[in-house]
Amino acid sequence: MPVRTSQSSQAGRGKGVGLALVSALAFGGSGVAAKPLIEAGLDPLHVVWLRVTGAALVMLPIAVRHRTLLFRRPALLAGFGLLAVAGVQACYFAALSRIPVGVALLVEYLAPALVLGWVRFVQRRPVTRAAGVGVVLAVGGLACVVEVWSGLSFDALGLLLALGAACCQVGYFVLSDQGSDAGEEAPDPLGVIAYGLLTGALVLTAVARPWSMDWSVLSGTAHMNGTPVAAGLLLAWIVLIATVLAYVTGVLSVRRLSPQVAGVVACLEAVIATVLAWVLLGEHLSAPQIAGGAVVLLGAFIAQSSAPAKPSPDPVAGGGPERELSARGTAA
């Protein structure tokens, strides 16, 4: 019986890693598809609005199906929409207006380290040493991937906005884990994503003001490294793959793994984005970027290959095990 449980756990972790990789690949492809649209004349914030609003419309039937979530878990839905959808996008793009892309990306991907701190010191759940090592390697490798030294500058507000994006990304991983120990009482992840996208779309509508957008760009063509591509096709990729598929696989991976492990694997998004930009946009990689990508891969492998640290078996006040108490607090 213990052998079966161990095999089932390993199989679940393997599926979780697979889902996390699909999510990283899907998220990583968003920039490659968005850049030609921006170069064709769309404002970056308008691209974000199209991305989130389009995904919200795709997920609308699922939102209707799980409408009881509005009454059962309103705080979770609002938090996911404000932090995991609107917050990350708005803070990151605002940071880009003040600091270099590489610096903003590196600060945003401090999120795995922040997730580790949240789990250990706020939720008081044990974490493994391997997860910590994976975070350090992933962040260090990411610094090489984005070549942070080439655009290093200090802008207090810009760095603060990038850190805000990192904190919102922590919210994405933590909120995705909500209810993972609640069994049948767990909120349906697809319903959470659907309402999160709807909430994010409403918030971004007020921020992006899409009525001022040049809608004619979407009926024309954009150029990807000199190759003409229909703008509508690029938008469809951003909505269906880089948003709907990315969020669905990402949330499901957190449910199967843990916030800290999924966070480290998510660092591969930056590596994938850089490689795709090399292949599709002709943005060549340097030796430090290739080496950094290998280090990120190593960090993600170390983190995902470690089993979650086991909580203390000793009872706590109230008679339940520490894990049960933690699960109740997480699901609240």
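What counts as what
Residues numbered from 1 in each chain as written. Predicted model: local features only at pLDDT ≥ 70, side-chain atom pairs only at ≥ 80, totals over all residues. Heavy atoms only, no water. Helix = DSSP H or I, 4+ residues; strand = E, 2+ residues; numbered from the N terminus. Buried < 20%, exposed > 50% of the residue type's maximum accessible area, 1.4 Å probe, protein only. Contact = heavy atoms within 4.5 Å. Areas by Shrake-Rupley, 256 points an atom, 1.4 Å probe, with all protein chains shown as cover. Phe/Tyr/Trp six-rings, centres within 6.5 Å; stacked < 30°, edge-to-face > 60°. Core = buried A, V, L, I, M, F, W, Y, C linked by side-chain atoms within 4.5 Å. Axes fitted to C-alpha atoms, helices over the stretch in contact; angles between N-to-C directions. Parallel < 35°, antiparallel > 145°, perpendicular 65-115°, else oblique. Left-handed = near helix turned anticlockwise from the far one by under 90°. Pairing = 2+ DSSP bridges. pLDDT = per-residue confidence, 0-100. Expected span 1.5 Å × (residues − 1). Polar contact = N/O pair within 3.5 Å; in protein donor to acceptor, adjacent residues only side chain to side chain.

### Here's the deal with the overall build of the protein
Argument step 1. Across its full length, the protein holds 16 helices and 2 strands.
Argument step 2. Looking at the protein as a whole, 49% of its 332 residues are labelled buried.
Argument step 3. Within the protein, counting contacts between residues at least 6 apart in sequence, those at least 24 apart form 87% of the total.
Argument step 4. Within the structure as shown, the protein displays about 15500 Å² of accessible surface, and the carbon and sulfur contribution to it stands at 67%.

### Considerations on the packing of aromatic side chains
Argument step 1. Counting across every chain of the model gives 6 aromatic pairs.
Argument step 2. Where Phe-80 meets Tyr-247, the ring centres are 6.3 Å apart and the plane angle is 65°; that geometry is what we call edge-to-face. Placement of Phe-80 in helix 6 (residues 74-96) and of Tyr-247 in helix 12 (residues 231-256) is noted, with a sequence separation of 167 residues between them. Each of the two residues, Phe-80 as well as Tyr-247, counts as buried.
Argument step 3. Feature note: the residues Phe-27, Phe-80, Tyr-172, Phe-173 and Tyr-247 constitute an aromatic cluster, connected by ring pairs.

### Points about unusual backbone geometry
Argument step 1. One non-glycine residue, Arg-209, lies in the positive phi region at around 50°.
Argument step 2. By the element assignment, Arg-209 lies in the loop between helix 11 (189-208) and strand 1 (221-224).

### Considerations on the nonpolar core
Argument step 1. Leu-42, Phe-80, Leu-142, Tyr-172, Ile-193, Leu-197 and Tyr-247 are the most contacted members of the largest nonpolar core, which has 93 residues in total.
Argument step 2. For this core, the element with the highest residue contribution is helix 12, accounting for 11 residues.
Argument step 3. Residues within four places of Leu-42 in sequence aside, it is in contact with Leu-37, Val-47, Leu-50, Met-213, Asp-214, Val-217 and Leu-218.

### Quick notes on the packing of helix 8 (residues 111-122) against helix 9 (residues 129-145)
Argument step 1. Running from N to C, helix 8 and helix 9 point in directions that differ by 155°, and their axes come no closer than 9 Å. By the angle between their directions, the pair helix 8 and helix 9 is classed as roughly antiparallel. Between helix 8 and helix 9 the crossing geometry is left-handed. On helix 9, the residues that touch Pro-112, Ala-113 and Leu-116 of helix 8 are Ala-131, Gly-132 and Val-135.

### A word on the pairing of strand 2 (residues 227-230)
Argument step 1. The pairing of strand 1 with strand 2 spans 4 bridges and is classified as antiparallel. What sits directly across from Ala-222, in strand 2, is Val-229.
Argument step 2. Hairpin connection between strand 1 and strand 2: a loop of 2 residues separates the two successive antiparallel strands, and Asn-225 in this loop has a positive phi of roughly 55°.

### Quick notes on the confidence of the model for the protein
Argument step 1. Per-chain confidence: the protein averages 79 in pLDDT, with 82% of residues scoring 70 or above.
Argument step 2. Of all secondary-structure elements in the protein, the lowest mean pLDDT belongs to helix 16 (residues 322-331), at 31, while helix 4 (residues 60-65) reaches the highest, 95.
Argument step 3. Contacts from residues 1-5, a stretch scored under 50 in pLDDT, to residues over four places away or in other chains number 0 contacts.

### Quick look at the environment of Ala-111
Argument step 1. Looking at where Ala-111 falls in the secondary structure, it is placed in helix 8.
Argument step 2. Residues Ala-111 and Gln-169 lie 58 residues apart in sequence; the distance between their C-alpha atoms is 6.1 Å.
Argument step 3. Contact partners of Ala-111, with chain neighbours within four places excluded, come to Ala-166, Gln-169 and Val-170.

### Points about helix 11
Argument step 1. In this model helix 11 runs 27 Å from its N-terminal to its C-terminal C-alpha over 20 residues, within 8% of the 28 Å that 1.5 Å per residue would give.
Argument step 2. Residues of helix 11 that are buried: Pro-189, Gly-191, Val-192, Ile-193, Ala-194, Tyr-195, Gly-196, Leu-197, Gly-200, Ala-201, Leu-204 and Ala-208.
Argument step 3. At its buried positions, helix 11 is contacted by helix 3 (44-58), helix 4, helix 5 (69-72), helix 6 and helix 12.
Argument step 4. Taking the backbone nitrogen of Leu-190 as reference, a side-chain oxygen 2.9 Å away marks Asp-188 as the first, capping residue of helix 11.
Argument step 5. Arg-209 occupies a position one or two residues after helix 11 and carries a positive phi of about 50°.

### Let's talk about the side chain of Thr-243
Argument step 1. Within the secondary structure, Thr-243 is located in helix 12.
Argument step 2. One polar contact links the side chain of Thr-243 to the main-chain carbonyl oxygen of Ile-238, over a distance of 2.8 Å.
Argument step 3. Not counting the four nearest positions on each side in its chain, Thr-243 is found in contact with Arg-51, Ala-55, Leu-197 and Ile-238.

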